[in-house]
Amino acid sequence: MRSFSRTRVVLTTTAVALAAMVAACSSPPPPPPPPVVQAPPPPPPITLSASVVERASAFRGYMARASQVSPTFQNGEQIQASLKVGVAYETKSLMNGAVAYAAVLALQDPTFVASVREIAAQPAQRQEMVNNIFSNPSYATVFKGADSAAGLIIDTIGGDGLKLFMAGKAVKQAAYDVQKSNWSKSSVVDRDGRLATAKSLSTSPALAESADVAILQQASTGGQSLGLTPRPAEAPYSPVVIRGLAVAALAALGAAGDENLTSIDALSVDPATNSCLNMAKLNLYQCLAVSKPHYEDIFCLGQHILIDTGACVIKAAGATVPPEPPKVLPVKESIATKGAGSNSRKAKTAAKKPVKKG
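Predicted, not measured: the structure shown is a model, and the values here were computed from it.

## Quick notes on the packing of helix 12 (residues 271–290) against helix 13 (residues 294–317)
Item 1. Where helix 12 contacts helix 13, the two axes come as close as 9 Å, and the packing angle between them is 175 degrees. In terms of orientation, helix 12 and helix 13 fall into the roughly antiparallel class. Facing Thr-273, Cys-276, Leu-277, Ala-280, Asn-283, Leu-284, Cys-287, Leu-288 and Val-290 of helix 12, the residues of helix 13 in contact are Glu-296, Asp-297, Phe-299, Cys-300, His-304, Ile-305, Asp-308, Thr-309, Cys-312 and Ala-316.
Item 2. When its residues are assigned to classes, the contact of helix 12 with helix 13 shows twelve nonpolar, four polar and three charged.

Shown next as structure tokens:
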């Protein structure tokens, strides 16, 4: 009896053990540890080369100084001082400065910057877009907010050009008004020297002011705003606007630093604006070469420095140059032409003769 009981206990124990083993085999294995997920690298910071910012500041500074040239001349020394202010830019540098300033302005548009930064967070797409922009700047116009960033460029740079243009109009008018004063009819002293000075100043890039550079540097990297209000502008855009958007997009992608300055320089070229500015300087040299009395130097300053340069900047921004008012013949010429008949040589000569240089 005891043997039977002992056997039964052993069998029961064995059965329990076997059941436990079967239960252990049928249960699922423990889950593996979760994989280590690495967070994507943060997008590169907004980067704009210090040289580009300095060019933007130099452009902005020249436009401000030249626009403040006063038409109230009292003597020849004031005229020569104003000539030096107006002529003090090198054409290629001013063109590059316009593109650089356009880039800083485009970076003031939060929608445009945010749209570009979405791609900056994706390394593969970021590099592809950088390559696309360097090969074709128009790629920068596909981002959301490009139209309002373009509006900032057109309004600001076009407005600066208009201020310079209108200052030139006032100075040009002074060339006529000042002839009431006898001193204005005296000959310019050292005419050859002042022409040589004008040519020399035209070979030196305009200088930037450190305080203004600091302001633009902060504005270009998301710091202190310039306080501008974006306005959508419809395409097509001028080359300066497109190139400004391109440099701004590269900055937002972290690809417009000093290491990419050579490529940015190539991207910033606008032959049409450079040619326009060169023509303004050539016309200025020709004007100074033949002008003798002081009032003629005022004309050269107003027309070929301020008006012509202002018009180049307005066109570069894609804005509209103010139309010239219709020319009205002097009363004497109108009467002479009307009364003499179309076959009168005397009447034709009178109609063509200019009253004074202008």
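## Digging into the environment of Leu-226
Item 1. Looking at where Leu-226 falls in the secondary structure, it is placed in the loop between helix 9 (210–220) and helix 10 (239–252).
Item 2. By relative accessible area, Leu-226 is classed as partly exposed at 21%.
Item 3. The spatial distance from the C-alpha of Leu-226 to the C-alpha of Ile-215 is 8.2 Å, given a sequence separation of eleven residues.
Item 4. When residues no more than four places from it in sequence are discounted, the contact partners of Leu-226 are Arg-60, Val-104, Leu-105, Gln-108, Ile-215, Leu-216 and Ala-219.

## Description of the confidence of the model for the protein
Parts of the model with low pLDDT should not have their predicted coordinates read in detail.
Item 1. Per-chain confidence: the protein averages 85 in pLDDT, with 81% of residues scoring 70 or above.
Item 2. Residue range residues 330–355 is modelled with pLDDT below 50. Its contacts to residues more than four positions away, or to other chains, number 13 contacts.

## Section: the pattern of salt bridges
Item 1. For the coordinates displayed, the defined rule picks out four salt bridges.
Item 2. Note that Arg-55 and Asp-265 form a salt bridge whose closest N and O atoms lie 2.7 Å from each other. With Arg-55 in helix 2 (residues 50–67) and Asp-265 in helix 11 (residues 261–267), this pair connects stretches of sequence that are 210 residues apart.
Item 3. For Asp-265, a relative accessible area of 29% gives the class partly exposed.
Item 4. A salt bridge links Asp-155 to Arg-231; the nearest nitrogen and oxygen atoms lie 2.8 Å apart. Linking Asp-155 in helix 7 (residues 146–177) with Arg-231 in the loop between helix 9 and helix 10, this pair joins segments that are 76 residues apart in sequence.
Item 5. The exposure class assigned to Arg-231 is partly exposed, which follows from its relative accessible area of 36%.

## Re the nonpolar core
Item 1. Ranked by internal contacts, the top residues of the largest apolar core, which has 89 residues, are Leu-48, Tyr-62, Phe-112, Ile-133, Ile-157 and Leu-245.
Item 2. Here Leu-245 is in contact with Ala-106, Phe-112, Ala-140, Thr-141, Ala-146, Ala-149, Ala-150, Ile-153 and Tyr-237, once residues within four sequence places are set aside.

## Description of the packing of aromatic side chains
Aromatic ring pairs are defined here through the distance separating the ring centres and the angle between the ring planes.
Item 1. Counted under the stated rule, the structure contains three aromatic pairs.
Item 2. Taken together, a centroid distance of 6.2 Å and an interplanar angle of 90 degrees make the contact between Phe-112 and Phe-143 edge-to-face. Residue Phe-112 is found in helix 5 (residues 110–120), and its partner Phe-143 is found in the loop between helix 6 (123–135) and helix 7; the two are separated by 31 residues along the sequence.
Item 3. By relative accessible area, which is 0% here, Phe-112 ends up buried.
Item 4. The ring of Tyr-285 carries the charged tip of Lys-199 above its face, separated from the ring centre by 5.6 Å.
Item 5. Cation over ring: Lys-281 sits above Tyr-89, and NZ or CZ is 3.8 Å from the ring centre.

Scoring rules and cut-offs
Residues numbered from 1 in each chain as written. Predicted model: local features only at pLDDT ≥ 70, side-chain atom pairs only at ≥ 80, totals over all residues. Heavy atoms only, no water. Axes fitted to C-alpha atoms, helices over the stretch in contact; angles between N-to-C directions. Helix = DSSP H or I, 4+ residues; strand = E, 2+ residues; numbered from the N terminus. Parallel < 35°, antiparallel > 145°, perpendicular 65-115°, else oblique. Contact = heavy atoms within 4.5 Å. Nonpolar A, V, L, I, M, F, W, Y, C, P; charged D, E, K, R; others polar. Buried < 20%, exposed > 50% of the residue type's maximum accessible area, 1.4 Å probe, protein only. pLDDT = per-residue confidence, 0-100. Salt bridge = Lys/Arg side-chain N within 4 Å of Asp/Glu carboxyl O. Core = buried A, V, L, I, M, F, W, Y, C linked by side-chain atoms within 4.5 Å. Phe/Tyr/Trp six-rings, centres within 6.5 Å; stacked < 30°, edge-to-face > 60°. Lys NZ or Arg CZ within 6 Å of the ring centre and 35° of its normal.

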